[in-house]
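The primary structure of each chain is shown beneath.
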Amino acid sequence: MTATATPHIPILDLKPEIDELRPEIMAAIGRVLDRTDFIMGEDVQLFEQEVAAYLGVKHAIGVNSGTDALVIALRALGIGPGDEVITTPFTFFATAESISMVGAKPVFVDIDPATLNLNPELIEAAITPNTRAIMPVHLYGNPVDMTRIMEIAHKHGLKVVEDCAQSFGARWRGTQTGTIGEFGAYSFFPSKNLGAYGDGGLLATNDDALADTARMLRVHGSRKKYHNETVGYNSRLDTIQAAILRVKLPHLEKWNAHRYEVARQYNEGLKGIEGIVTPELTDGHAFHQYTIRVQHGRRAEVQRKLAEHGIGTMIYYPIPQDELPIYNGQYPAYEHSSLAAKEVLSLPIFPVETDNSAKQLHYVISTIKKFYVN
């Protein structure tokens, strides 16, 4: 493969995964069609059981999306108007949005520039009498220091909701992300490490009472049909999506291991290039994204050059949450978050190992190196 071939390499190609699993996926969908149990059907119940076993938790509760998972987790914990929830400014809007949706206030704490995750050492200074919870985000699949987060939470009597939208299968010191705090909230958006072919989400918890409340909230606030106890949501994991996810779940460890290997090869290939900062290969990192930092104001130039050579990239995220129009002017500047937003660039990731993916990875690395040499 040469630069003159100008291949199209998307940041994520789902076709190899679909090609590998197509017969199983089509059979799983067919079984749902035969049963016609499209809402809260057999595959939803089985998937919840299988996911709970995989994560090592008592309860896994399928919902409509990762955003709904966050909202329902906060509602189940009784968080609402007048409360504050500490989180990171550097992630997708759904994190702060979920806090705002329940009437609480997002309180941002700057990130650690090495990990791009919420910096635990800044949390205590942000705690007020109104603080009720901490919502860490395992950004790009890189686990937050949950040991320190939980120490702070226990010291101050705070709840913890882990935003695991990008970290399904990631582990903090051997323990699955999303199983350490009161709730773990996951997304099954198609691009995720475990992705559906539509929307979907999940809540994980070891607390029986919280699980019961979350299950009630996902079906219009009712434990028994037509006996609504509170205002809830129509937030059920679709049976067809659950059937697809059941097919994919047994392959997740293999795919995540290959993501990690891709990251290792990227780091090796890009080593020593001045102005390119590669991510750390931390234990338990699921590498939902492989994200470099392009310094000295050259990101737009590098992204354009890669696009000219048929290489797709993405910027996650160009605007920190605190700087979005909805919150703009309400918060002070967060130095490291703002700088990261100007430098991060995610490169193509290859969960499924193929001959072509190895060639594409080499092509991406060689294109970047040529750009910097020339």
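These lines cover the structure that appears in this document, whether it is placed above or below. (Residues numbered from 1 in each chain as written. Predicted model: local features only at pLDDT ≥ 70, side-chain atom pairs only at ≥ 80, totals over all residues. Heavy atoms only, no water.)

**Looking at the overall build of the protein chain**
Okay, step 1: Broken down by element type, the protein chain carries 11 helices and 12 strands.
Okay, step 2: For the protein chain, whose C-alpha radius of gyration is 21 Å, the value lies close to the compact-globule estimate of 21 Å for 374 residues.
Okay, step 3: Counting across all 374 residues of the protein chain, residues that qualify as buried make up 55%.
Okay, step 4: Considering only contacts within the protein chain whose residues lie at least 6 apart along the sequence, 69% involve residues at least 24 apart. (Helix = DSSP H or I, 4+ residues; strand = E, 2+ residues; numbered from the N terminus. Rg over C-alpha atoms; globule rule 2.2 N^0.38 Å. Buried < 20%, exposed > 50% of the residue type's maximum accessible area, 1.4 Å probe, protein only. Contact = heavy atoms within 4.5 Å.)

**Description of unusual backbone geometry**
Okay, step 1: In this chain, Tyr316 is followed by Tyr317 through a cis amide linkage whose omega measures 20°.
Okay, step 2: Here Arg173, not a glycine, exhibits a phi torsion of approximately 50°, which is positive.
Okay, step 3: The topology assignment puts Arg173 in the loop between strand S6 (171-172) and strand S7 (175-176).
Okay, step 4: Arg173 gets classed as exposed once you look at its relative accessible area, which sits at 65%.
Okay, step 5: Phi at His296 takes a positive value of approximately 65°, unusual for a residue other than glycine.

**Details of helix H1 (residues 15-35)**
Okay, step 1: The first and last C-alpha atoms of H1 sit 28 Å apart over 21 residues, in line with the 30 Å expected at 1.5 Å per residue.
Okay, step 2: At Leu21, H1 shows its largest kink, close to 70°, and the proline Pro23 lies no more than four residues downstream.
Okay, step 3: Residues of H1 that are buried include every one of Glu17, Leu21, Ile25, Ala28, Ile29 and Val32, and no others.
Okay, step 4: Considering only its buried residues, H1 is in contact with helix H2 (42-55), helix H7 (239-248) and helix H8 (252-270). (Expected span 1.5 Å × (residues − 1). Bend = angle between axes of the 7 residues up to and from the residue.)

**So, the pattern of salt bridges**
Okay, step 1: What the rule picks out here adds up to 24 salt bridges.
Okay, step 2: Of the charged contacts, one joins Arg35 and Asp37 as a salt bridge, the two residues approaching to 3.0 Å between their closest N and O atoms.
Okay, step 3: The residue Arg132 makes a salt bridge to Asp83 at a minimum N-O spacing of 3.1 Å. You can see Arg132 sitting in strand S4 (residues 131-135) and its partner Asp83 sitting in the loop between helix H3 (66-76) and strand S2 (84-87), a full 49 residues away along the chain.
Okay, step 4: Relative accessible area serves as the criterion here: at 14%, Asp83 is assigned to the buried category.
Okay, step 5: Because the salt bridges share partners, they merge into one network encompassing Arg35, Asp37, Glu42, Asp43, Glu50 and Arg246. (Salt bridge = Lys/Arg side-chain N within 4 Å of Asp/Glu carboxyl O.)

**What to know about the packing of H3 against helix H6 (residues 208-218)**
Okay, step 1: Contact geometry for H3 and H6: axes closest at 9 Å, N-to-C directions at 125°. Between H3 and H6, the angle falls in the class oblique. H6 is crossed by H3, and the crossing has right-handed handedness. Here H3 contributes Ile72, Arg75 and Ala76 to the contact with H6, which in turn contributes Leu210, Thr213, Ala214, Leu217 and Arg218.
Okay, step 2: Of the residues that constitute the contact of H3 with H6, the class distribution is five nonpolar, one polar and two charged. (Axes fitted to C-alpha atoms, helices over the stretch in contact; angles between N-to-C directions. Parallel < 35°, antiparallel > 145°, perpendicular 65-115°, else oblique. Left-handed = near helix turned anticlockwise from the far one by under 90°. Nonpolar A, V, L, I, M, F, W, Y, C, P; charged D, E, K, R; others polar.)

**Some thoughts on the packing of H2 against H7**
Okay, step 1: Running from N to C, H2 and H7 point in directions that differ by 40°, and their axes come no closer than 8 Å. Relative to H7, the element H2 lies oblique. Between H2 and H7 the crossing geometry is left-handed. Between H2 and H7, the contacting residues are Asp43, Val44, Leu46, Phe47 and Glu50 on the first element and Thr239, Ala242, Ala243, Leu245 and Arg246 on the second.
Okay, step 2: Taken together, the residues of the contact of H2 with H7 sort by class into six nonpolar, one polar and three charged.

**Brief notes about a nonpolar patch on the surface**
Okay, step 1: Together, Leu33, Phe38 and Ile39 line one region of the surface with nonpolar side chains, adding up to about 280 Å² of accessible area.
Okay, step 2: Counting through the fold element by element, Phe38 comes out in the loop between H1 and H2. (Patch = residues over 30% accessible without salt bridge, like charges linked within 9 Å, V, L, I, M, F, W, Y side chains within 5 Å. Areas by Shrake-Rupley, 256 points an atom, 1.4 Å probe, with all protein chains shown as cover.)

**Quick word on the sheet that holds strand S11 (residues 290-294)**
Two modes of strand pairing occur in sheets, parallel and antiparallel, and in both the strands are linked by backbone hydrogen bonds.
Okay, step 1: Across the sheet, which stays open at both edges, the three strands sit in the order S10-S11-S12 with antiparallel pairing between neighbours. The sheet is open, and its two edges are formed by strand S10 (276-277) and strand S12 (344-347), each paired on a single side.
Okay, step 2: Two strands pair when backbone bridges link them, and S11 and S12 are joined in this way by four bridges, in the antiparallel orientation. Bridge pairing in S12 links Tyr290 to Leu347.
Okay, step 3: Along the sheet, H8 contacts S11 and S12; its crossing angle with S11, the most-contacted strand, is approximately 25°.
Okay, step 4: Helix H9 (residues 299-308) rests against S11 and S12 of the sheet, and its axis sits at about 20° to S12. (Pairing = 2+ DSSP bridges.)

**Description of the environment of Ala126**
Okay, step 1: Relative to the assigned elements, Ala126 resides in the loop between strand S3 (105-108) and S4.
Okay, step 2: Classification of Ala126 by relative accessible area gives buried; the value is 16%.
Okay, step 3: For the pair Ala126 and Arg259, spaced 133 residues apart in sequence, the C-alpha separation works out to 35 Å.
Okay, step 4: Excluding anything up to four places from it in sequence, Ala126 contacts Ile86, Val107, Val109 and Thr131.

**Notes on the pairing of S2**
Okay, step 1: The alternating pattern of S2 places Glu84 and Ile86 on one face and Val85 and Thr87 on the opposite face, and all of these are buried.
Okay, step 2: As paired strands, S2 and S3 are joined by four bridges and run parallel to one another. Looking at S3, one finds that Ile86 is bridged to Val107.
Okay, step 3: You can see the chain leave S2, run along helix H4 (residues 94-101) and come back into S3, and the turn it takes is right-handed. (Right-handed = clockwise from strand over helix to strand, strands pointing away.)

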